[in-house]
Amino acid sequence: MVNEMQVEYEKLFKNEKKSTKAVFLSGEGGKAFCAGGDIKSLHASAVSKDPKDAASFFAKEYHLDYLLWHLNPSLKSSNRIVSGVTTIANMNGITMGGGVGIAISSQIRIVTEKTVFAMPETGIGLFPDVGGTYFLGRDKLKGPLGIYIGLTGNKLSGADCIYAGIGTHFVSSEKIKELEEELRNANFDKESPKSIVEKYSGSPSGNSQLSSFENDIQKHFKGDKVEQFFQSLQESSSEFANNTLQTLKSKSPSSMKVTLKGIQNGSQKDLAECFEMEFRMAVHSILSEDFAEGVRAVLVDKDNKPKWNPSDISAVDSKRVDSYFGPPKGIPDIQMSKSFPK
């Protein structure tokens, strides 16, 4: 799928689809935009300790994600931004894994009452990639909120996504098919894609739980070390603190520290630098014991009892964390701009 999408989108950059005014991304079947099933295919690389296939997968995926961002005029980049094409992602249903990467750059990100958005990678020994180190440290997500989402991997509703800026428009799932049909038959010389979407959008149904937790998140996830978050949560007797502490204790200690540093570094980098950094992080993650163990526990055996190594956050030292950001042995770095279509 990644290869096919890459070919089609490159046509937009090469002016082979001059009549295209809008791109509508939607999951097949209606139940999910993308459930993140691509992780299972990386398990073999982790078990064999041979990252070549995984590295190839990540390189292709990240290049596609990087390309898609250049259809969004809000991006600042040294590469060419394609103008005049409105990108729309229908994030109805489950939106995780690779689906986040191709949706998050869209100018219009539709969520519904059925949306379940999450970046649960710390629970399988990975980290929120596909540009997560870039967007989790910016705009509304900058600071404690993005860190909370990235470390806990908690599921967000459509209302939560609107609150956090992950979604831009809330549309009832019952109206999605009608909206898609109108976009398909629209005359964009007379009516813009955005104006059509806005005819169907409204206020989210139900309240945002994330919004009700905002004060707690700001209180417990400030600071620059994962140990600080643990200590703050442990010192509180609130239901939020207790639940969040148990969630964090179930995650890979190494992944949490790597995720935090990735978001911190990413907030100071441009998009290309973030993807290049994530590539190194991803290859090192595949080579770690925690990824193989996390996928086994969550997706293969499904016993949900991963045995992390190290098992305690205090045992993950800075040298271990820093190693994820260096060049992997035998795997060349990717260079986003050099592969950009001319």
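Residues numbered from 1 in each chain as written. Predicted model: local features only at pLDDT ≥ 70, side-chain atom pairs only at ≥ 80, totals over all residues. Heavy atoms only, no water.

1. Regarding the overall build of the protein chain
Threshold: Starting at the N terminus, helices and strands are each numbered in turn, a helix being any DSSP run of H or I of at least four residues and a strand any DSSP run of E of at least two. Here the globule rule reads 2.2 Å times residues to the power 0.38, and the radius of gyration is calculated from C-alpha atoms. Buried, partly exposed and exposed residues are distinguished by accessible area as a fraction of the type maximum, computed with a 1.4 Å probe on protein chains only: under 20%, between the cut-offs, and over 50%, respectively.
Each helix and strand in the protein chain was counted, giving 17 helices and 8 strands. Here the C-alpha radius of gyration of the protein chain, 20 Å, is about what a compact globule of 342 residues would show, namely 20 Å. Considered along the principal axes of its C-alpha atoms, the protein chain spans approximately 60 × 50 × 40 Å. For the protein chain, with 342 residues in total, the buried portion stands at 53%.

2. A closer look at the pairing of strand β1 (residues 22-26)
Note the cut-off: Strand pairing is assigned whenever DSSP detects at least two bridges linking the two strands.
Taking every second residue as pointing to the same face, the buried face of β1 carries Val23 and Leu25, while none of Ala22, Phe24 and Ser26 on the other face is buried. In terms of strand pairing, β1 meets strand β3 (residues 86-90) through 5 bridges, oriented parallel. Paired with Leu25 across the bridge in β3 is Ala89.

3. So, unusual backbone geometry
Of note, the amide linkage connecting Asn309 to Pro310 takes the cis form, showing an omega dihedral of 0°. Notably, Lys49 is not glycine yet its phi reads approximately 60°, a positive angle. By the element assignment, Lys49 lies in the loop between α2 (43-48) and α3 (52-69).

4. Digging into the pairing of strand β5 (residues 108-111)
What you see with β5 is no split at all: Ile108 and Ile110 on one side and Arg109 and Val111 on the other are buried throughout. Pairing between β3 and β5: 3 bridges, direction parallel. Counterpart to Ile88 in the pairing with β5 is Ile108. Bridge analysis of β5 against strand β7 (residues 169-171) gives 2 bridges, and the strand direction is parallel. Opposite Ile110, over in β7, you have His169 as the bridge partner.

5. Focus: helix α13 (residues 239-249)
This is how the line gets drawn: It is the directions from the helix axis to the C-beta atoms whose arc is reported. The criterion used for residue contact is that any of the two residues' heavy atoms lie within 4.5 Å.
Where α13 is concerned, the buried positions are Phe240, Ala241, Thr244, Leu245 and Leu248. End-on view of α13: buried residues confined to an arc of 120°, all on one side of the axis. Along its buried surface, α13 packs onto α6 (144-152), α11 (214-220), α12 (226-234) and α14 (253-266).

6. Some thoughts on the packing of aromatic side chains
The test is simple: Here the aromatic set is Phe, Tyr and Trp, taking the six-membered ring for Trp, and pairing holds for ring centres within 6.5 Å; pairs whose planes are under 30 degrees apart are stacked, those over 60 apart are edge-to-face, and all others are tilted.
Tallied over the entire structure, the rule returns 11 aromatic pairs. Measuring from centroid to centroid gives 5.7 Å for Phe58 and Tyr62, while their planes differ by 40°, and the two rings are tilted. With Phe58 and Tyr62 both in helix α3, this residue pair falls 4 residues apart, about one helical turn. A single burial state applies to Phe58 and to Tyr62, both of which are buried. Ring geometry for Phe213 and Phe240: centres 5.0 Å apart, planes at 50°, overall tilted. With Phe213 in the loop between α10 (209-212) and α11 and Phe240 in helix α13, this pair connects stretches of sequence that are 27 residues apart.

7. Quick notes on helix α8 (residues 176-185)
Listed in full, the buried residues belonging to α8 are Ile176, Leu179 and Leu183. Buried residues in α8, looked at end-on, bunch into an arc of 65°, giving them a common side. Turned more than 90 degrees off the buried face of α8, the exposed positions are Lys177, Glu178, Arg184 and Asn185. Packing partners of the buried residues in α8 comprise β1, β3, β5, β7 and α9 (193-200).

8. Section: the sheet that holds β3
Taken together, the 5 strands give an open sheet; going across it, the order is β1-β3-β5-β7-β8, and neighbouring strands pair in mixed fashion. A single partner strand is all that each edge strand has here, and the edge strands are β1 and β8 (201-202).

9. So, the nonpolar core
Spelled out, the test is: Buried Ala, Val, Leu, Ile, Met, Phe, Trp, Tyr and Cys residues that are joined via side-chain atoms within 4.5 Å together make up what is termed a nonpolar core.
Ranked by internal contacts, the top residues of the largest apolar core, which has 88 residues, are Tyr9, Tyr62, Ile149, Ile166, Phe279 and Phe291. Discounting residues that sit within four places of it in the chain, Ile166 has contacts with Met91, Ile104, Arg109, Phe117, Leu141, Ile149, Leu156 and Cys161. If you look at the next biggest cluster of nonpolar residues, it comprises 10 residues, including Ile110, Val171, Ile176 and Leu183.

10. Remarks on the pattern of salt bridges
So the rule is basically this: Every case where a carboxyl oxygen of Asp or Glu lies within 4 Å of a side-chain nitrogen of Lys or Arg is listed as a salt bridge.
With the rule as written, the count across this model stands at 11 salt bridges. Residues Glu8 and Lys11 are paired through a salt bridge, measuring 3.2 Å at the closest nitrogen-oxygen approach. Here Lys11 and Glu8 lie together in helix α1 (residues 2-13), a separation of 3 residues that amounts to about one turn. When its relative accessible area of 26% is taken as the criterion, Lys11 is described as partly exposed.

11. Things to note about the environment of Val321
Residue placement: Val321 occurs in helix α17 (residues 318-323). Relative accessible area serves as the criterion here: at 7%, Val321 is assigned to the buried category. With 153 residues separating them in the primary sequence, Val321 and Thr168 have C-alpha atoms 34 Å apart. Not counting chain neighbours up to four residues away, the residues in contact with Val321 comprise Lys257, Val258, Lys261 and Val316.

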